[in-house]
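Residues per chain are reported as follows:
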Amino acid sequence: MAGIQFFFRGQKYLVAFGGLYLLLVALLAIPYIQSQALYLNNIRLPLFADFNNPEKYGLAPNRTVNFQITTPDTETIGAWLVFSNSYYSSLPSIPTDPASLIPEALSRVGEGGKRIPVVLFFHGNAATRAFTARIRHYQAFTSRLGAHVLAIDYRGFADSSGSPSEKGLTTDARAAFDWLVKEHRVHPEDVLVVGHSLGTGVAGQLAAQFDEEGIKCRGFVLLSPFSSITEVLETYNMFGFIPLMKPLYLLPGAVGLVKRAVVHRFDTLKAVPDITASVLIAHALDDWDISHTHSDVLFQAFIEPHLPPVEVPTNPIEVAQPEVWAKLTEQREARQLAFEKVVTKRNIDKFGTIEQFVEPQTSREVTLVKTLAGGHDYLGIQEGLVDIIGRLFDM
Ligand SMILES: *[C@@H]1O[C@H](CO)[C@@H](O)[C@H](O)[C@H]1NC(C)=O
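Thresholds applied
Residues numbered from 1 in each chain as written. Predicted model: local features only at pLDDT ≥ 70, side-chain atom pairs only at ≥ 80, totals over all residues. Heavy atoms only, no water. Near = heavy atom within 4 Å. Polar contact = N/O pair within 3.5 Å; in protein donor to acceptor, adjacent residues only side chain to side chain. Areas by Shrake-Rupley, 256 points an atom, 1.4 Å probe, with all protein chains shown as cover. Nonpolar A, V, L, I, M, F, W, Y, C, P; charged D, E, K, R; others polar. Salt bridge = Lys/Arg side-chain N within 4 Å of Asp/Glu carboxyl O. Helix = DSSP H or I, 4+ residues; strand = E, 2+ residues; numbered from the N terminus. Buried < 20%, exposed > 50% of the residue type's maximum accessible area, 1.4 Å probe, protein only. Pairing = 2+ DSSP bridges. Axes fitted to C-alpha atoms, helices over the stretch in contact; angles between N-to-C directions. Contact = heavy atoms within 4.5 Å. Parallel < 35°, antiparallel > 145°, perpendicular 65-115°, else oblique. Left-handed = near helix turned anticlockwise from the far one by under 90°.

*Asks:* I'd like a description of the site of the ligand, backed by residues and values.
*Replies:* The environment of the ligand is made up of Asn62, Ile94, Pro95, Thr96 and Pro98. Between the ligand and the protein, one listed contact pairs an oxygen atom with a side-chain N or O atom of asparagine 62 at 2.4 Å. Burial of the ligand by the protein chains amounts to 43% of its free accessible area of 360 Å². Grouping the amino acids of the shell around the ligand by side-chain chemistry returns three nonpolar, two polar and no charged.

In structure tokens:
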């Protein structure tokens, strides 16, 4: 009897769980909730952050200027400009008014007559520019790359005004770039755009915009990127192991419905053909939030136009015919050969792999780095990866 009771109780839990799951999926179709779940901008970590006190989060006294950027649609965006190590340590003493140094810092010529480059940093969802993992990024870029770092909090995040949207975040990103280039006459070629996680979606949209306007920056670094939000939904595991969308496949048409309900797409994959600058894509193999396969998809998209096509017959039954099969095999081999011809791969013991594609016509480079460690949040602080960024983008 106990067995039967247990069985019924078990079934009840199953039904309750299923109901809860469907409710969750339905809730995600509501734009407001979708926006909250995607941006997580109300998780304002660290709690009660004091943006006027970057020292509290580990940065040197008065090395950082806290200020606001106003966007063309009149939102106010919180920003930090962190001076490069070399610039900061060249000052005779701790500056008493770091804001007044901005024009000089941004036009200073460094070693070898080169201007000090600026990393324009777009962080991922949740938390703020004062979040520990992000501070580690600024430290890596200002020390090992010798760059200044401009980090912004998008609208709706931290002390910025407004509420987030795909278009809004792209506007904020552009406003930060324009602050550098238009207000402070930083050369676009001295700006390296670095996005992390959701920030790679922002960087992708900005890259497409640059292409349209013929703006050439130093390049783009995509850390822990995703190909598009709909793809993330498809591959996302709740708590690291419950596949979010898998059960939905039991309901015909449900997956398509959910995908169509996605308002904020950040479709980097779609933006790839428009990105003409050099790109570094990096992903940790132990990233449990966004699978490293997203980076493979993006890398492949850059190479795709340079590979011969495989003509799969529209009627799949035809594949069974020996001559069709033989032709397919031949095409696939030709593709593999072409891939190996344009892509070089290198293993670095205890670090990971580097795959590099040099575009024949433009000689721009697209690089894919897979690191063995780093997880989702801390990818980009590894000295090995920072050094690769430095070499690729001449910093
Ligand atoms: C840092 O700058 C502020 C003004 O921006 C100034 O009041 C303060 O004294 C400076 N701190 C140091 C240690 O010089």
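*Asks:* Just give me the short version of the pattern of salt bridges, but keep the residues and values in it.
*Replies:* Applying the stated criterion across every chain yields a total of 17 salt bridges. The closest approach of N and O atoms between arginine 155 and aspartate 172, which form a salt bridge, is 2.7 Å. You can see arginine 155 sitting in the loop between strand 4 (148–152) and helix 6 (166–183) and its partner aspartate 172 sitting in helix 6, a full 17 residues away along the chain. Aspartate 172 shares its class with arginine 155; the two are buried. Between aspartate 296 and lysine 370 there is a salt bridge, and its shortest N-O distance comes to 2.9 Å. Remark: lysine 370 occurs in strand 12 (residues 365–371) and aspartate 296 occurs in helix 11 (residues 293–303); sequence separation between them is 74 residues.

*Asks:* Break down the sheet that holds strand 5 (residues 191–196) for me, citing the residues and quoting the values.
*Replies:* Read across the sheet, 10 strands follow the order 1-2-4-3-5-6-9-12-11-10 without closing on themselves; strand pairing throughout is mixed. Since the sheet does not close on itself, it has two edges, and those belong to strand 1 (64–70) and strand 10 (343–348), each with one partner. For this sheet, the mean inter-axis angle between neighbouring strands, taken without regard to orientation, is 20°. As defined by bridge partners, strand 2 (residues 76–82) adjoins strand 4 across four bridges and the pair is classed as antiparallel. Along strand 4, the bridge assignment pairs alanine 79 with isoleucine 152. Here helix 7 (residues 198–213) sits on the sheet and contacts strand 3 (118–122), strand 5 and strand 6 (219–223); the angle it forms with strand 5, its principal contact strand, is near 140°.

*Asks:* Tell me about the side chain of threonine 367, and name the residues and values.
*Replies:* Note that threonine 367 resides in strand 12. A distance of 3.0 Å separates the side chain of threonine 367 from the side chain of glutamine 356, its partner in a polar contact. Not counting residues up to four positions away in its chain, the partners in contact with threonine 367 are Val279, Leu280, Ile281, Phe299, Ile354, Glu355, Gln356 and Leu392.

*Asks:* Break down the pairing of strand 2 for me, citing the residues and quoting the values.
*Replies:* Here strand 2 lies mainly inside the structure; six of its seven residues are buried. Here seven bridges tie strand 1 to strand 2, and the two strands are oriented antiparallel to one another. Opposite phenylalanine 67, over in strand 2, you have alanine 79 as the bridge partner. Between strand 1 and strand 2, which pair antiparallel one after the other, the connecting turn spans five residues, and threonine 74 there sits at a positive phi close to 60°.

*Asks:* How would you explain the packing of helix 6 against helix 7 if you had to name every residue and give the values?
*Replies:* As a packed pair, helix 6 and helix 7 sit with axes 9 Å apart at the nearest point and diverge in direction by 65°. As the angle between them shows, helix 6 and helix 7 are arranged roughly perpendicular. At the point where helix 6 passes helix 7, the crossing takes the right-handed sense. On the side of helix 6, the interface is formed by Glu166, Leu169, Thr170, Ala173, Arg174 and Phe177, while helix 7 contributes Leu198, Val202, Gln205, Leu206, Gln209, Phe210 and Glu213. In the contact of helix 6 with helix 7, the residues fall into seven nonpolar, three polar and three charged.

Spatial relationships are all this shows, so hold off on functional conclusions.
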